[in-house]
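Secondary and tertiary structure notes
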Amino acid sequence: MKAFEVSLKKLGLEYLDLLLLHQQVGDYMGAWKDCEKAVAQGKVKSIGLSNFESGRLEEVCEAAAIKPAVLQVECHPYFQQNELKKRLAPYGTVIEAWYPIGHGDADLIGEPVFTELAQKYGKTNVQVILRWHIQEGTVIFPKSTNPQHIRDNFDIFDFELTGEEMERIRSGRSIKMCGSLQRRLSSRRRSLQPGRRRIKEAGQDGQGICDLPHGGLAGRKDRRRFP
């Protein structure tokens, strides 16, 4: 709680809308109880998890008096996290997409299906991807420092993809990840096993906020193209 109080003071705020427990290391159960205390004290509106994809996800959710509002993980059309969504459903927890456009992956953004739909609706390819996330029930926070991109990211609520169009995008879920990515994922899963004290990760700009190594986009190679 002390670290939270320091952060709140530095931000100059009386409360936070969302507080995430970022890693499943150390006394994460005690840390979650502190998050619940912050809600009870009116200092936080909602609390959630980040990087909890091992069995510790259910451990926290089952013991929680306040269920996580979100789980922040990498999620985009090439890595749709369908199995993880099923695990979260009993708790009413939704995915908060980190890398919602795959770290700006040109192949993802340039998929013909997104170009076709962008032309149909008078939008950009990125806006179509973000709209797909919204209709999937995923929370998104696309990062940009470009004023026009920021405006575009908000301008996705005046059109709606049809059921058929949504399914065309979903059909890319069965992808075959490249071998190097599979090895990195296997290494990360081992680091998440009980008894491990640290999770090896490397986030952009050293922020340590990632679920995959920097530049490691799920499904980057050997993927099946969208129809």
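All of these numbers come straight from a predicted model, not from anything done at the bench. (Residues numbered from 1 in each chain as written. Predicted model: local features only at pLDDT ≥ 70, side-chain atom pairs only at ≥ 80, totals over all residues. Heavy atoms only, no water.)

1. Re the pattern of salt bridges
Counted under the stated rule, the structure contains twelve salt bridges. Note that glutamate 36 and lysine 33 form a salt bridge whose closest N and O atoms lie 3.7 Å from each other. Of this pair, glutamate 36 and lysine 33 both sit in helix H2 (residues 28-40), separated by three residues, roughly a single helical turn. Linking arginine 168 and glutamate 116 is a salt bridge whose minimum nitrogen-to-oxygen distance equals 3.1 Å. (Salt bridge = Lys/Arg side-chain N within 4 Å of Asp/Glu carboxyl O. Helix = DSSP H or I, 4+ residues; strand = E, 2+ residues; numbered from the N terminus.)

2. What to know about the confidence of the model for the protein chain
With 75% of its residues at a pLDDT of at least 70, the protein chain reaches an overall mean of 80. Averaged pLDDT values over the elements of the protein chain bottom out at 42 in helix H10 (residues 179-191) and peak at 97 in helix H7 (residues 125-135). Ignoring residues within four places in sequence, the model shows residues 173-224, a span with pLDDT below 50, making 103 contacts including any to other chains. (pLDDT = per-residue confidence, 0-100. Contact = heavy atoms within 4.5 Å.)

3. Focus: the environment of phenylalanine 79
Within the secondary structure, phenylalanine 79 is located in the loop between strand E3 (70-74) and helix H4 (82-88). According to the relative accessible area criterion, phenylalanine 79 is buried, its value standing at 19%. Phenylalanine 79 sits 23 residues away from glycine 102 along the chain, and the two C-alpha atoms are 8.6 Å apart. (Buried < 20%, exposed > 50% of the residue type's maximum accessible area, 1.4 Å probe, protein only.)

4. Digging into the packing of aromatic side chains
Applying the stated criterion across every chain yields a total of three aromatic pairs. Both rings, one in tryptophan 98 and one in tyrosine 99, keep their centres 3.7 Å apart while their planes meet at 15°; by these two values the pair is stacked. Judged by its relative accessible area of 5%, tryptophan 98 is buried. The exposure class assigned to tyrosine 99 is buried, which follows from its relative accessible area of 10%. (Phe/Tyr/Trp six-rings, centres within 6.5 Å; stacked < 30°, edge-to-face > 60°.)

5. A few points about the sheet that holds E3
Hydrogen bonds between backbone groups are what pair the strands of a sheet, and the pairing can be parallel or antiparallel. Read across the open sheet, the five strands follow the order E1-E2-E3-E4-E5; overall the sheet is parallel. With one partner strand each, in any of the chains shown, strand E1 (16-21) and strand E5 (139-140) form the two edges of the open sheet. Taken together, the five bridges between E3 and strand E4 (residues 94-98) define a ladder with parallel strand orientation. Residue pairing for E4: valine 73 is matched across the bridge by alanine 97. (Pairing = 2+ DSSP bridges.)

6. Focus on the nonpolar core
Core analysis: the biggest nonpolar cluster contains 44 residues, and Trp32, Leu49, Phe52, Leu57, Leu71 and Leu161 have the highest contact counts within it. Considering each element in turn, this core owes the most residues, five residues, to H7. (Core = buried A, V, L, I, M, F, W, Y, C linked by side-chain atoms within 4.5 Å.)

7. Points about the side chain of glutamine 80
Counting through the fold element by element, glutamine 80 comes out in the loop between E3 and H4. Of the residues examined, glutamine 80 reaches a relative accessible area of 3% and is grouped as buried.

8. Some thoughts on unusual backbone geometry
Across residues other than glycine, the phi torsion is negative in most instances, and most of the peptide bonds are trans. Not every positive phi belongs to a glycine, and asparagine 51 is a case in point at roughly 70°. Position of asparagine 51 relative to the elements: it lies in the loop between strand E2 (44-50) and helix H3 (56-63). The phi dihedral of glutamine 81 falls on the positive side, at around 60°, and the residue is not glycine. Structurally, the position occupied by glutamine 81 is in the loop between E3 and H4.

9. Points about H2
Its 13 residues place the ends of H2 18 Å apart at the C-alpha level, agreeing with the 18 Å of an ideal helix rising 1.5 Å per residue. Of the positions making up H2, those classed as buried are Tyr28, Trp32, Cys35, Glu36 and Ala38. The arc that holds the buried residues of H2, viewed along the axis, is 155°, so those residues lie on one side. In the core, the buried residues of H2 are packed alongside helix H1 (2-11), E1, E2 and H3. Just downstream of H2, glycine 42 is the residue with a positive phi angle, here 75°. (Expected span 1.5 Å × (residues − 1). Arc of directions from axis to C-beta.)

10. Considering the environment of alanine 38
Of note, alanine 38 is situated in helix H2. Classification of alanine 38 as buried rests on a relative accessible area of 0%. Separated by 34 residues in sequence, alanine 38 and phenylalanine 4 place their C-alpha atoms 8.7 Å apart. Each residue touching alanine 38, except ones within four places of it in the same chain, is listed here: Met1, Phe4, Lys43 and Val44.

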